[in-house]
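Commentary on secondary and tertiary structure
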Amino acid sequence: MVKQAENICRQATIQLRDKTEPQNWRALKEQLFNKFILRLVSCVQLASKLSFHYKIIGNVTVLNFLQALGYLHTKEELLESELDVLKSLNFQINLPTPLAYVEMLLEVLGYNGCLVPATQLHATCLTLLDLVYLLHEPVYENLLRASIENSTPSQLQGEKFISVKEDFMLLAVAIIAASAFIQNHECWSQVVGHLHSITGIALESIAEFSYAILTHSVGANTPGQQKPVPPHLVARTLRAAASSNS
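Residues numbered from 1 in each chain as written. Predicted model: local features only at pLDDT ≥ 70, side-chain atom pairs only at ≥ 80, totals over all residues. Heavy atoms only, no water.

Under the annotation held in an unreviewed UniProt entry, the protein chain carries the name Cyclin N-terminal domain-containing protein 1 isoform X3 and is attributed to Equus przewalskii.

Structure, rendered in structure tokens:
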């Protein structure tokens, strides 16, 4: 919709420059408003085609929904609207997301006999993903310090760490591990072992990242502790626990 609004403003600017009769602003605003709901529904429909596979939101469902809202459209208009959305995005819509990796791994864990139900893990994973996005810098700063066992990383270490920030598979594994710890910490080692076997990611990497996430979600200290424990020491303990039970 932003791109469509920009196109309308661009056309209006060209008309003013060429001294042609400009369209009435009220009419342009109404045109944009009338297409807003249709474009929004088209975005939802395209997302369903990418994510739901056999539960795709069909044209009949969309038309009935729009009619209930008081908008009358044809199937041809729906297709044209989808095409407009795709063109606006240069057809680049199938971009990988951490959630896609999380759901793929949860499905494999379910087949492998994970002790924690995938449905419970999925709900917690969604919450932790939101948390990591909101606290992106603090979480990754903690992870960097834990990985180098130093509270003051150098500029070079920070630059080399960029690839870790861009690793969606690592993030997904850590999110699931942290979720498993929250749901049932007694099964945490088994879940981490499965994740290690599936992805090949080192147990220590899973432990360090999951601890960084847990620090910002449930806290770093237990009620009985008076002083904070250094992140790299706790991560080392988690690594040892995962290794001994895998």
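Let us now look at helix α3 (residues 59-68). Those residues of α3 lying buried are Val62, Leu63 and Leu66. Within α3, the buried residues cover an arc of 95° as seen down the axis, which keeps them to one side. Away from its buried face by more than 90 degrees, α3 exposes Val60 and Ala68. (Buried < 20%, exposed > 50% of the residue type's maximum accessible area, 1.4 Å probe, protein only. Helix = DSSP H or I, 4+ residues; strand = E, 2+ residues; numbered from the N terminus. Arc of directions from axis to C-beta.)

Relative to the helices and strands, cysteine 43 resides in helix α2 (residues 25-51). For cysteine 43, a relative accessible area of 38% corresponds to the partly exposed category. C-alpha separation for the pair cysteine 43 and valine 85, spaced 42 residues apart in sequence, amounts to 7.2 Å.

Relative orientation of the contacting elements helix α11 (residues 188-199) and helix α12 (residues 203-217) amounts to 125°, with a least axis distance of 10 Å. With respect to α12, the element α11 is oriented oblique. Like other packed secondary-structure pairs, α11 and α12 cross with a definite hand, here right-handed. Contact residues: Trp188, Val192, Leu195 and His196 in α11; Leu203, Ile206, Ala207 and Ser210 in α12. Looking at side-chain class alone, the contact of α11 with α12 contains 6 nonpolar, 2 polar and no charged residues. (Axes fitted to C-alpha atoms, helices over the stretch in contact; angles between N-to-C directions. Parallel < 35°, antiparallel > 145°, perpendicular 65-115°, else oblique. Left-handed = near helix turned anticlockwise from the far one by under 90°. Contact = heavy atoms within 4.5 Å. Nonpolar A, V, L, I, M, F, W, Y, C, P; charged D, E, K, R; others polar.)

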